[in-house]
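What the coordinates show
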Amino acid sequence: MTTPMTETSRGAVTGGVGDSPVRPDGTLKVTGQFAFSSDLSADGMLWGATLRSPYARARIRGIDLTAALALPGVRAVLTAADVPGAGSYGLEVADQPVLAADEVSYQGEPVAVVAADHPETARRAAARIVVDYEPLPPVTDAEAALAAGDIFRHVPVRRGDAHATAEVVVSGVYQVGMQDQAFLGPESGLAMPTVDGGVDLYIATQWLHVDQRQVASCLGLPVDRVRLYLAGVGGAFGAREDLSMQVHACLLALRTGRPVKMVYGREESFFGHVHRHPALMRYEHGADRDGRLVYVKAHIVLDGGAYASSTPAVVANAATLGVGPYEVPNVVMDAYGARTNNPPCGAMRGFGAVQTCFGYESQMDKLAAALGLDPVEIRRRNAMTTGSVMPTGQVVDGPAPVARLLELVRDRPAPLAASGDPREWPGGVANTTHGESVVRGVGYAIGIKNVCFSEGFDDYSTARVRLEMVGGEPVVLVHTAAAEVGQGLVTLQAQIARTELGVERVVVAAADTTVGSAGSSSASRQSYVTGGAVRAACQAVRDGVLARLGARAGPADGLRLAGGMVVTASGVAVADLAEVLGDDPVEETRQWRHRPTHPLDPRTGQGDAHVQYAFAAHRATVDVDVELGLVRVVEIATAQDVGKAINPQAVLGQIHGGTAQGLGLALMEELRVVDGLVRNPSFTDYLIPTILDVPPMTVDVLELADPHAPYGLRGVGEPPTISSTPAVVAAIRAATGLALSRVPVRPEYLTGAV
Amino acid sequence: MDFLSPATWAEALAAKAANPDALPIAGGTDVMVELNFDRRRPSALLDLTRIGELTEWGTDGDLLRIGSGVTYARIITELAHRLPGLAMAARTVGSPQIRNRGTVGGNLGSASPAGDALPPLLAAGALVELASTRGVRRLPVAEFFTGPKRTVRAPDELIAAFLVPSHRGPHQFAKIGSRNAMVIAVCSFALALRPVTGEVGTGIGSAGPTPLRAAQAERLLADELPWRTAAVLPEAVVGRFGELVAGAAAPIDDIRGTAAYRRHALSVLARRTLRWAWEEYRREGP
């Protein structure tokens, strides 16, 4: 997949860029030794618990804390009145109350928090709080909210002729249910009051500094008195972008003067974070007789739930990426984020590109059927390439191998027919078929995703790198605030340092707010941005070393560091690092930015809003028991361009995991909300794929360098999630002949017994 | 909450008599979930894991007697040939970890209509053995359930064992779930053919307030199956069997599936399992 780095005659650095060194957390996690944020403890620690609204919408007429405070072991019971700083927080708009004051706007909204000596005491005390609610009728229909003007954001995109007509027209209405990130490590952390009146917070998050800013604001403290330290993160997928228990634990710690730990239970976790936006999408595609797209019209409604979270940015993604990786001369696109009393929705892997991909890829298949074309062929005919123009007017200036990715998955050998082992049929060991009514289907899809933050956001990362001699050996210390959420970022930072400084021993310091912001571990951006910052800081350190040497040995042109030496371009050793460094480390800190982006025109949606585009294609092969409506995915072939695989094994891990998450959305993952109330907040009834549901995958990785990105890399994490969903659904359509306009596809959709 | 941990069966019965509210716990795969979610706060837990005889099985006259503490994993590894339908159901229970802990006795005690072991016990004509300091009684499993999570077990009684006639004839079990493992049944169906007596047993799971039998469907097959000739099944009988099984169910719409889907799926499972069982009978004889 990749060619190893060429190194000097002094010997290659192992574990550098392009290698797959063992990740430091791997063995610990597999053997159950890894300390997650829920494993933290401190002497004299109290436990926090949260009282949440049982109603989707209600007025709070009064709160009586008497019974809760009377319970022995209870140390504090706090409500909105006890929040010293800003009463609300939010990623883009500070509209979400720390604790609800007069009204609750969704089921599960926090109303009060308790600290007690024992977690059970805290939960019992919370149950003793008497809240006098006046239930109000909740707004639960996103379209009704839209009609009433309850809109977080509307993003129109207009390109070409709004009244273009075409020979062949297909239209459809598509729906996506509410997917949950379903990370395994629930929201948790430990807040410790400090002598300066501030607080240290050990926390599982995706972005330490954005938490720090919001927590400090709500506590009414200067930012430098709220210090955050990354605790062991048990998965994220977007669900840790918004605050959960951060402010609550700090409030309780500051009030009691004691360390306070909070850990959500599994059921509580489903109420403790945002979800993927449910979507209702109306599409109309017009094409000529050859299948070339003439226009796309789309009306996309995303249900943002009760608070803004990152809905405005998700809406922009849906609008700007909503016609897919295709050349479309005429576009009329309107995407909306509606405000309702449903659970708040925000960031989840794929971020607005997932929902629309199900819409536009369903449409492409419909168009292919209308024209009698092969599904891969219709996509190839419309595939964008380098130089194509997005509906926003932005020119795609990096590699855009859309047609090639489709060809790669198309040309993979077809999987074998079922062997007759009963576990290979739909239903598996549940013994529902021995082959009766089983029909095989194959489906294709391809998606597009923006990498990094968009629309003019000042998106940067900071890295501090020190090179010094320790015990006679050169050692690099890398320190950033970038959140390792399981994706392998710690390993990647060390790989970059090894390659840039030619030193094998690299220590990556724990992430915290004593170094500048790294930005968020989201938007597939950390390899790009924090990778870029680490590389820049390493290069500055190298320059510092060469400058020291230069003071003694003349011009430093062409010199670099390798194998613990300063070497010439041809690999001839000039000096030993030990000799240059002595007892005096070289340390540099660099802030690094990708090239700037620009806002969208609010009327036309025109603008160079995105940094980089990423593409992945999927071919899904399924066996469907068409009589029972049960599906088994037999195989998935996928292909993705990653620019440069910094860590090939981690790249494959991202592609496998993302594909599985998309398969989950296609077949089972939905948080079911009825009248604003969540019906299945448990892993008993919120189903995610098991090892028996995820099929073998073949993966083709392309490495077409993006000249703008460090090492040419392209963000990897999100694209595989985007197109696996429509590919699986297309395969089910092929097997059943059914239209299937909603995901997840339930068995009753396939049998008509709804 | 007290934790009672008797070392013998006599002590367990005495403890249950003295503490009729005590909740028995064996594998804990249901009980611990209830406690963790605070859905239940029993005055005491009655730990049955120290009582070795509950984990034993053997014969009792013509019957197999299986202690209530035998796990699903052991049903699969030790009893698959004697109780094939129950073993098929046991394979669909949870994950390997759950199958290592969970017991059929617990499934009976919880009495969930979705208990995977219950339809095969109904189909096999099993008896439940209940014991107390007052004595021992055995009753057909079909008479054991009275409602969702309710049974005829008296407060001072414990489930000692279940008893099943030794397997003679084909058994089948099939379960619908919306993923391929670790799933609560949307609905399930068990079938047992008893060629020696010309009888048929059925069990329906997750499609009514209790696990159900399809009595009319059983009679249809008893009357219509060509036992003696082992001839090809008449399609009309297969179709009618499916209809009667679906008709015997009393499903509701819930988060896991619609009533209409459950009835439809049960009719399909009934027809398929009948065909498989009959093929086995034709192949292997009574």
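Residues numbered from 1 in each chain as written. Chains lettered and ligands numbered in written order. Predicted model: local features only at pLDDT ≥ 70, side-chain atom pairs only at ≥ 80, totals over all residues. Heavy atoms only, no water.

1. Thoughts on the domain arrangement of chain B
Residues and elements named next belong to chain B. Note the threshold: By convention here, the domain bounds are inherited from an automatic or database domain assignment. Should any heavy atoms of two residues lie within 4.5 Å, those residues are counted as being in contact. In this description, buried area is defined as the sum, over both parts, of the accessible area (probe of 1.4 Å) that is lost when the two are combined.
Entries for chain B in the domain assignment read domain 1 (2-46 + 53-165) and domain 2 (171-284). Between the C-alpha centres of domain 1 and domain 2 there is a distance of 24 Å. On the domain 2 side, the residues contacting the 23 residues of domain 1 number 24 residues. Of the roughly 1,800 Å² buried at the junction of domain 1 and domain 2 (both faces included), carbon and sulfur atoms supply 70%.

2. What about the interface of chain A and chain B?
Here is the rule we go by: Here, a salt bridge means any Lys or Arg side-chain nitrogen found within 4 Å of an Asp or Glu carboxyl oxygen. Polar contacts here mean pairs of N or O atoms no more than 3.5 Å apart (in protein, one a potential hydrogen donor and the other a potential acceptor; neighbouring residues in sequence count only if both atoms are side-chain atoms). Every helix listed is a DSSP run of H or I at least four residues long, and every strand listed is a run of E at least two residues long, numbered separately from the N terminus. The classification used treats Ala, Val, Leu, Ile, Met, Phe, Trp, Tyr, Cys and Pro as nonpolar, Asp, Glu, Lys and Arg as charged, and all other residues, Gly among them, as polar.
Facing 37 residues of chain A, the contacting portion of chain B comprises 32 residues. Where chain A touches chain B, the interface holds five salt bridges. With a closest N to O distance of 2.7 Å, Glu627 of chain A and Arg271 of chain B form a salt bridge. Across the contact surface, chain A and chain B share 18 residue pairs in polar contact (both at pLDDT 80 or more). Going through the elements one at a time, α3 (119-128), β27 (630-641) and α17 (747-751) of chain A are the ones with two or more residues in the side of chain A that touches chain B. Of the residues contributing to the side of chain A that touches chain B, the split by class is 14 nonpolar, eleven polar and twelve charged.

3. Looking at the packing of helix α3 (residues 72-79) of chain B against helix α4 (residues 84-91) of chain B
Residues and elements named next belong to chain B. Cut-off, in case you're wondering: Fitted lines through C-alpha atoms serve as axes, helices being fitted only where they are in contact, and the angles separating the N-to-C directions of these axes extend from 0 to 180 degrees. Angle categories are assigned with fixed cut-offs, so that under 35 degrees is roughly parallel, over 145 is roughly antiparallel, 65 to 115 is roughly perpendicular, and the rest are oblique. Each crossing is labelled by how the near helix is turned from the far one, with a counterclockwise turn of less than a right angle marking it left-handed and a clockwise turn marking it right-handed.
Relative orientation of the contacting elements α3 and α4 amounts to 135°, with a least axis distance of 9 Å. The angle between α3 and α4 places the two elements in the oblique class. For the pair α3 and α4, the crossing hand works out as left-handed. Counted together, Tyr72, Ile75, Ile76 and Leu79 of α3 and Pro84, Leu86, Ala87, Ala90 and Arg91 of α4 form the full contact between these two elements. By residue class, the composition of the contact of α3 with α4 is eight nonpolar, no polar and one charged.

4. What to know about helix α8 (residues 215-224) of chain B
All names here are of chain B. As a reminder, the rule being used: Accessible area is worked out with a 1.4 Å probe on protein chains only. A residue is then buried under 20% of its type maximum, exposed over 50%, and partly exposed in between. In this context, the arc is that of the directions from the helix axis out to the C-beta atoms.
Buried residues of α8: Ala217, Glu218, Leu220 and Leu221, and no others. Taken end-on, α8 shows its buried residues confined to a sector of 160°, consistent with a single buried face. Set apart from the buried face of α8 by more than 90 degrees, the exposed residues are Gln216 and Asp223. Here the buried face of α8 lies against β12 (187-194), β13 (199-205), α9 (235-248) and α10 (259-284).

5. Considerations on the sheet that holds strand β2 (residues 23-25) of chain B
For sheets, the rule is that strands pair by backbone hydrogen bonds, running either parallel or antiparallel. All names here are of chain B. Formally: Two strands pair under a simple rule: DSSP has to find at least two bridges between them.
As summarised here, the arrangement of the three strands in space is β1-β3-β2, forming an open sheet in which the pairing is parallel. At either margin of the open sheet sits one strand with a lone partner, and together these are β1 (2-4) and β2. Ignoring which end each strand starts from, the neighbouring axes of this sheet average 25° apart. Of the strand pairs in this sheet, β2 and strand β3 (residues 44-47) are connected by three bridges, and their pairing is parallel. The residue bridging Ile25 from the neighbouring strand is Asp47, located in β3.

6. So, the environment of Thr258 of chain B
All names here are of chain B. In this fold, Thr258 is placed in the loop between α9 and α10. In this structure Thr258 comes out as buried when scored by relative accessible area, which is 12%. In this structure, the C-alpha to C-alpha distance between Thr258 and Leu122, residues 136 residues apart in sequence, is 24 Å. For Thr258, the side chain forms a polar contact with the main-chain nitrogen of Tyr261, separated by 3.0 Å.

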